[in-house]
Amino acid sequence: MNEKKSRSVEILDHYTHTGMTHTEIPSTFDGTIDLGIIGGTGLYQLDCLKPIAKLHPIITPWGVTSSPITIARFITNDSSLGDFHVAFLSRHGVNHEYPPSKVPFRANIAALKHLNCKAVVSFSAVGSLREEIKPRDFILPQQIIDRTKGVRDSSYFNDIGLVGHVGFGDPFSSNMAKFIYDLVEQANEQDPILVNQDTNEVCTLHFDRDLTVVCMEGPQFSTRAESKMYRMLGGDVINMSVLPEAKLARECELPYQMICMSTDYDAWMDHEEPVTVETVIGNLNNNGRNANRLATKIIEKMAIMTPKFLNNGDGLTGSIKMSISTKPDAMSEDTIEKLRFLYPDYW
Ligand SMILES: CSC[C@H]1O[C@H](OP(=O)(O)O)[C@H](O)[C@@H]1O
Ligand SMILES: Nc1ncnc2[nH]cnc12
């Protein structure tokens, strides 16, 4: 990790400095974003962030984002490093209107890319397929098994007139996962971030190379037979939303890491009732609180240390140019317009 000189970070309440009220938050923002954060079920806003702008659902060539994008700024007292900007987006909408199969994933990721995000951290409620991954534990998966049913638009490069094939062997940013894992481990020594509110016990953050998230179609949960099959396939946790989000982030050259938050044991335990939303509300609430604490720490530490993957693209920069098979001369104006929305520097 490229640890720039350590500095203190001030979390400034924008309003105390400008005298603005919440109703006067600007709806435009001109700067660039350092980090995009996507909230999932149970995480509809980041409490730690005071917005400096709220961009109304953004119109992209792939439709409109599922929620407004809230921009927040960490003002640091080191002018050589500048301020740190975060963009927060709610995957299912602020009132949870979009079911997993109908989330406008392409618009969401395109909007974050268009805002110049350098990386994306995404939160997701998941079921656990392993006994040792308990409800309220968090997981940093490194692999995905696709069980979506082809009903989601999962690429920017799947149109007649624009064909591209990106590498997806390692779908997550292991460097970002390690960064998150290290900061949680460090905090565990003094002031743990992930805590079970009811018992005060520390919740585990699971992270190793092979942890695998299964992405199913939904919206219904799995049958017991399916749940057991996913275990046999090597799945560790299950959700309905890592795809196509992770694929689209890759097509945008964005380092992407999902932070999974376990709410239940899905349906594979014969002696337990299969999951229902009703039975996991307490876990969702606990996880939402921990997600807020974790997001705060991630932002603070990224602002202080400027990890390499934020500045060097984590090895993804430039990969898209090589991945597009269609000859540029054969592309229509419309296609080039769309490409420019994502990559103004390339086309
Ligand atoms: C807990 S109900 C199932 C729902 O929760 C997850 O949503 P998200 O990934 O946005 O947190 C899961 O993927 C399902 O969509
Ligand atoms: N058991 C489960 N299956 C799919 N998505 C989930 N999200 C939370 N729990 C889940």
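Everything numeric here is computed off the predicted structure, so don't read it as measured data. (Residues numbered from 1 in each chain as written. Chains lettered and ligands numbered in written order. Predicted model: local features only at pLDDT ≥ 70, side-chain atom pairs only at ≥ 80, totals over all residues. Heavy atoms only, no water.)

**What about the nonpolar core?**
Here is the rule: In plain words, nonpolar cores are sets of buried Ala, Val, Leu, Ile, Met, Phe, Trp, Tyr and Cys residues tied together by side-chain atoms within 4.5 Å. Each residue's exposure class comes from its accessible area (1.4 Å probe, protein chains only) as a fraction of the maximum for that residue type: buried when under 20%, exposed when over 50%, partly exposed otherwise. Contacts are residue-level and defined by heavy atoms, with any inter-residue pair within 4.5 Å sufficient.
If you look at the biggest cluster of nonpolar residues, it comprises 51 residues, and the most contacted ones within it are Ile69, Ile71, Tyr156 and Val242. For Val242, the residues in contact, after removing those within four places along its chain, are Ile144, Phe172, Val213, Cys215, Tyr256 and Met258. Residues Phe84, Leu140, Ile298 and Ala303 belong to the second largest nonpolar core, which totals 37 residues.

**With respect to the packing of helix α3 (residues 174–188) against helix α6 (residues 277–305)**
This is how it is decided: Here, axes are lines fitted to C-alpha atoms. For helices the fit covers the stretch in contact, and angles between N-to-C directions go from 0 to 180 degrees. Only runs of H or I of at least four residues qualify as helices and only runs of E of at least two qualify as strands under DSSP, and these elements are numbered from the N terminus. Between 65 and 115 degrees an angle is taken as roughly perpendicular, under 35 as roughly parallel, over 145 as roughly antiparallel, and anywhere else as oblique. Residues are grouped as follows: Ala, Val, Leu, Ile, Met, Phe, Trp, Tyr, Cys and Pro are nonpolar; Asp, Glu, Lys and Arg are charged; every other residue, Gly included, is polar.
Relative to each other, α3 and α6 sit at 110 degrees, their axes nearing to 10 Å. As summarised for this structure, α3 and α6 are arranged roughly perpendicular, according to the angle between their axes. For the pair α3 and α6, contact is made by Met176, Phe179, Ile180, Leu183, Val184 and Gln186 and by Leu294, Lys297, Ile298, Lys301 and Met302, respectively. For the contact of α3 with α6, a count of residues per class yields eight nonpolar, one polar and two charged.

**So, the environment of Gly42**
Within the secondary structure, Gly42 sits in the loop between β2 (35–39) and β3 (51–55). For the pair Gly42 and Asn283, spaced 241 residues apart in sequence, the C-alpha to C-alpha distance is 9.5 Å.

**Quick look at the packing of aromatic side chains**
Let me state the cut-off plainly: Note on ring pairs: Phe, Tyr and Trp rings are taken, using the six-membered ring of Trp, and paired if centres are within 6.5 Å. Classes follow the plane angle, with under 30 degrees stacked, over 60 edge-to-face and the rest tilted. In our convention, an over-ring charge means Lys NZ or Arg CZ found within 6 Å of a ring centre and within 35 degrees of that ring's normal.
Evaluated as defined, the whole model comprises nine aromatic pairs. When the centroid spacing of 5.8 Å and the interplanar angle of 80 degrees are considered together, the rings of Phe179 and Phe309 count as edge-to-face. Pair noted here: Phe179 is in helix α3 and Phe309 is in helix α7 (residues 308–312), with a separation of 130 residues, a long-range link. Phe309 carries the same exposure label as Phe179, and that label is buried. Grouping aromatic residues by their ring pairs yields a cluster made of Trp62, Tyr156 and Phe341. The ring centre of Trp268 lies 3.8 Å from the NZ or CZ of Arg231, which sits over that ring. Looking at Lys301, its charged tip hangs above the ring of Phe179, at a distance of 5.9 Å from the centre.

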